[in-house]
Amino acid sequence: MKTVHLGDRVGWLWDAGLDLLLGASCHGCGVPGRSPCPQCIVAMLPHPEVVSQSLTVGVPVYAACQYDAPTSGFVIAYKDREAWQLTATLGELLLSALGRPPPDCVIVPVPSSPNAVRQRGFDHMGSLARWVAKRSGVASVGLLRYVRAVEHVGLSATQRKLLTRATMRASPGRRRVVLVDDVTTTGASLAEARRALLAAGHEVCYAATIAHVLAPQTSRS
Ligand SMILES: [Zn+2]
């Protein structure tokens, strides 16, 4: 659990003063100063749970919190705005969802598409996976890669599932794997990652993500 100590408050005020001059602000709520601000740190206290998308993935999927404000602002800033200072903030959330992996497991990040990595200039999940692996006492291994591009934006859950199928490939082996990703939306990417790992001979124990999107209620209409 994170606690804002007096020293942190002084540091935050100092940073806030500097950042006011530089025009920086919290990625979660927009107030000028350090990101995350103390209020967002409190708002993002993790409460890991198994999410309903586990059914789609085929193994338990743990998420630290729901994908809404302020967490969504930090995830987007980290992925798309090179907010490197958020590695520990998001890493702590992922770590709480990850728990303590069995010592014979390796952590495998779900890869970003080659297009996304090219645009961002770095693989954000690779960085987060290395951060949590270091603190979990297990290795982070990049076993997965995309073999076919897939664009998720604007697709329904069913369309995502169909179009994501057979887009990833894993290096062969017999590892026991804990998958990590940033956000569980429909579970399609995690399911495809698991399929590729199983096809290559690995075993997937469970998955952990920073946040999850609440699954929509099933409609009869
Ligand atoms: Zn904030």
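Before reading on, note that the structure itself is shown above.
Residues numbered from 1 in each chain as written. Predicted model: local features only at pLDDT ≥ 70, side-chain atom pairs only at ≥ 80, totals over all residues.

A. Region of interest: the nonpolar core. Counting residues in each nonpolar core, the largest one holds 52 residues, and the members touching the most others are L94, L179 and V180. Formed jointly, this core draws a minimum of three residues from each of two domains, domain 1 (1–43) and domain 2 (45–212). Setting aside chain neighbours within four positions, we find L94 in contact with A64, L128, V132, V180, A208 and I210. (Core = buried A, V, L, I, M, F, W, Y, C linked by C-beta atoms within 7 Å. Buried ≥ 20, exposed ≤ 12 C-beta atoms within 10 Å, placed from the backbone. Domains from an automatic or database assignment. Contact = placed C-beta atoms within 7 Å.)

B. The arrangement of the packing of helix 8 (residues 157–164) against helix 9 (residues 188–199) in detail. Across the interface, helix 8 lies against helix 9 with an axial gap of 9 Å and an inter-helix angle of 25 degrees. Considering their axes alone, helix 8 and helix 9 lie roughly parallel with respect to each other. Judged by the sense of rotation from one axis to the other, the crossing of helix 8 with helix 9 is right-handed. Facing helix 8, whose interface residues are R160, K161 and T164, helix 9 presents A188, S189 and E192. Looking at the contact of helix 8 with helix 9 residue by residue, the classes come out as one nonpolar, two polar and three charged. (Axes fitted to C-alpha atoms, helices over the stretch in contact; angles between N-to-C directions. Helix = DSSP H or I, 4+ residues; strand = E, 2+ residues; numbered from the N terminus. Parallel < 35°, antiparallel > 145°, perpendicular 65-115°, else oblique. Left-handed = near helix turned anticlockwise from the far one by under 90°. Nonpolar A, V, L, I, M, F, W, Y, C, P; charged D, E, K, R; others polar.)

C. Region of the structure containing the sheet that holds strand 8 (residues 203–212). The six strands lie next to each other as 1-2-8-7-3-4, forming an open sheet whose pairing is mixed. Edge positions in the sheet fall to strand 1 (49–50) and strand 4 (139–140), since each has one partner strand and no second. In this structure, strand 2 (residues 61–66) lies alongside strand 8, joined through five bridges in parallel fashion. Considered in strand 8, the bridge of Y62 is made with A208. Here helix 7 (residues 124–136) sits on the sheet and contacts strand 3 (105–109), strand 4 and strand 7 (176–184); the angle it forms with strand 3, its principal contact strand, is near 160 degrees. Packing of helix 9 onto the sheet brings it into contact with strand 2, strand 7 and strand 8, and relative to strand 7 it is tilted by some 160 degrees. (Pairing = 2+ DSSP bridges.)

D. Spatial organisation of unusual backbone geometry. A cis amide bond links S35 with the next residue in sequence, P36, at an omega value of 0 degrees. Among the structural elements, P36 can be located in the loop between helix 1 (6–22) and helix 2 (38–43). Here the residue pair A69 and P70 is connected by a cis peptide bond, since its omega of 5 degrees sits within 30 degrees of zero. In this structure, P70 sits in the loop between strand 2 and helix 4 (71–80). For E82, which is not glycine, the phi torsion reads 55 degrees and is therefore positive. Note on placement: E82 falls in the loop between helix 4 and helix 5 (87–98). Phi angles above zero are rare outside glycine, and A166 is one such case at about 65 degrees. Its place among the elements puts A166 in the loop between helix 8 and strand 6 (168–170).

E. Inspection of helix 7 at higher detail. Here helix 7 contains 13 residues, and its C-alpha end-to-end distance of 18 Å stays within 8% of the 18 Å for a straight helix at 1.5 Å per residue. Along helix 7, the residues that are buried comprise H124, M125, L128, A129, V132 and A133. The buried residues of helix 7 all sit within an arc of 160 degrees when viewed along its axis, so they share a single face. Here the buried face of helix 7 lies against helix 4, helix 5, strand 3, helix 6 (114–120), strand 4 and strand 7. (Expected span 1.5 Å × (residues − 1). Arc of directions from axis to C-beta.)

These values are about where atoms sit, not about what they do.
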